[in-house]
Amino acid sequence: MIRTASYTRDLLPAALSNDRDASAFIHRFQFVEDLAREWFRRYGFQEIRTPIFERTELFTRGVGSETDIVTKEMYTWRDRAGEDGEGESLTLRPESTAPVVRAYIQHQMWQRAETVRLYYIGPQFRRERGQRGRFRQFFQIGAEVLGASDHPALDAEGIELVMGLLTEAGIPDLELRLNTVGNAAGRVRFVAAIREALAPRAHELSEDSRRRLETNPLRILDSKAEQDQPLIAALPPIYDVLDEGCRAHFDAVRRYLDAAGIPYVVDARLVRGLDYYTQTVFEVVSHAPAIGAQNALAGGGRYDGLVETLGGPPTKGFGFALGLDRVVLAMPEHRAPEPPPELFVIYLGASALELALHAVRQARRAGIAALFDPTPRSLKSALRLANKYGARFALLLGEAELASGQWVLRDLARAEQTAVPSETWLQHLLARRG
Ligand code: AMP
């Protein structure tokens with residue numbers, strides 16, 4: 001048997017899944033996706049679909065060559081050389097901000113006066129060590145806000161959207177963590193402060209952090225290594241070294257969140273894994289037991305330099321990504337029940353087949369989820385099948401019903417049935433389904 005590749009999985013209809021792990025049930029993914037589309041509609045976001053693979057350079061430049069994603073986790077290969085030129089280096093997208101920004105530049109959306117609000121839903125690929133809530137192909141729902149404005153109200157609006165969506169999905173024990181990483185000048189000062197504080201104690205740091213002290217000291221704050229924690233805790237908060245403008249931006253985001261009634265905690269250690277962030281950064285975690293150690297559900301922030309880094313004109317940006325697999329994992333089972341079929345049409349005897357097909361068609365055209373199985377069956381076995389599918393109603397058509405013009409509509413949940421005139425059976429069903 002050939003199985004799925006390591007740390008990838010199939011998302012299946014619940015009824016066809018032989019383990020009862022609801023975190024891989026497709027209807028739960030669809031439920032969150034539908035909810036997300038609805039929230040994006042309300043906030044004026046439009047969908048964008050970018051390719052699943054891009055030129056590698058987009059990510060090395062856009063995500064940052066020192067990040068874990070680029071150094072360890074990308075699926076990259078050299079394409080075969082063909083008539084369209086040299087075989088180029090391609091990469092399965094590990095995230096979608098860089099691709100959306102590429103599209104923003106490529107399609108000259110920057111020429112527009114208005115703020116561009118885009119969202120995406122789709123798979124991302126990272127060669128990670130798998131565990132509960134962490135996969136090599138995972139799904140993100142994300143959004144990017146691009147344009148001339150870096151008004152803090154845009155940051156707060158994006159965060160409000162994420163929190164509203166997660167709350168409506170019924171995710172328990174949410175916590176919003178907020179921080180600022182300032183602008184480039186502020187980060188230079190902060191990096192100098194980190195170097196100054198840590199250089200004399202470099203030998204106490206983990207190997208990764210020691211390397212980062214040279215290459216990218218900000219990332220030390222992300223370190224999970226036990227031995228680094230006391231040193232990280234002793235660092236000054238970045239807010240203290242930022243200039244007035246950056247502090248004012250952060251203070252305003254906080255005010256807007258307060259006004260929206262969204263609770264948060266300021267986490268001075270939050271820098272996020274990617275290089276492109278400026279000013280606001282945030283992360284949403286859930287403390288629900290179902291989700292386990294990988295409890296970050298969403299993250300994002302402002303990235304005012306990214307469009308320029310990728311070859312576009314100076315542009316402000318804010319975005320976030322929400323991990324769909326983890327949201328589904330944390331979502332209570334009752335929040336997204338699988339929609340059952342409403343009607344199962346049973347025919348008894350070959351003479352009733354055509355009429356049964358007609359009835360199924362009528363029901364489907366009226367918007368009813370109707371199932372039909374052409375295999376001839378006894379009434380008992382057909383009813384068993386209808387129950388197995390979880391249908392709420394069955395329509396029974398046999399020779400007697402054909403002759404009398406009175407069809408039998410059975411409420412399977414209540415085990416009650418009534419005879420209804422053949423011309424009005426659908427109205428009866430529509431009235432009863434509620
Ligand atoms: P990031 O793009 O790393 O900021 O991730 C944003 C969100 O995507 C995280 O908060 C997670 O919910 C989700 N995520 C990231 N990596 C994975 C993964 N390997 N498997 C499942 N979800 C992930």
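Residues numbered from 1 in each chain as written. Predicted model: local features only at pLDDT ≥ 70, side-chain atom pairs only at ≥ 80, totals over all residues. Heavy atoms only, no water.

What is the right way to read the pattern of salt bridges from this model?
Should their charged atoms come close, side chains of opposite charge can pair. In this structure the tally under the stated criterion is 22 salt bridges. Here R201 and E204 are joined by a salt bridge, their closest N and O atoms 3.1 Å apart. According to the relative accessible area criterion, R201 is partly exposed, its value standing at 36%. (Salt bridge = Lys/Arg side-chain N within 4 Å of Asp/Glu carboxyl O. Buried < 20%, exposed > 50% of the residue type's maximum accessible area, 1.4 Å probe, protein only.)

Could you clarify how one ought to interpret the sheet that holds strand β3 (residues 76-78) in this entry?
Within a sheet, each strand pairs with its neighbour through backbone hydrogen bonds, oriented either parallel or antiparallel. Pairing is antiparallel in the open sheet, where three strands are placed in the order β2-β4-β3. Unpaired on one side and paired on the other, β2 (53-55) and β3 mark the two borders of the sheet. Ignoring strand direction, the axes of neighbouring strands in this sheet form an average angle of 30 degrees. Across three bridges, the pairing between β3 and strand β4 (residues 89-92) is antiparallel. Paired with T76 across the bridge in β4 is T91. (Pairing = 2+ DSSP bridges. Helix = DSSP H or I, 4+ residues; strand = E, 2+ residues; numbered from the N terminus. Axes fitted to C-alpha atoms, helices over the stretch in contact; angles between N-to-C directions.)

What's the story with the sheet that holds strand β7 (residues 174-180) in this structure? I'm lost.
One open sheet holds the eight strands; their spatial order is β1-β5-β6-β11-β10-β9-β7-β8, and the pairing between them is mixed. Unpaired on one side and paired on the other, β1 (46-47) and β8 (265-266) mark the two borders of the sheet. Pairing geometry for β1 and strand β5 (residues 116-125), over two bridges, is parallel. The residue bridging Q46 from the neighbouring strand is L118, located in β5. Along the sheet, helix α9 (residues 244-259) contacts β7, β8, β9 (278-286) and β10 (296-302); its crossing angle with β7, the most-contacted strand, is approximately 160 degrees. (Contact = heavy atoms within 4.5 Å.)

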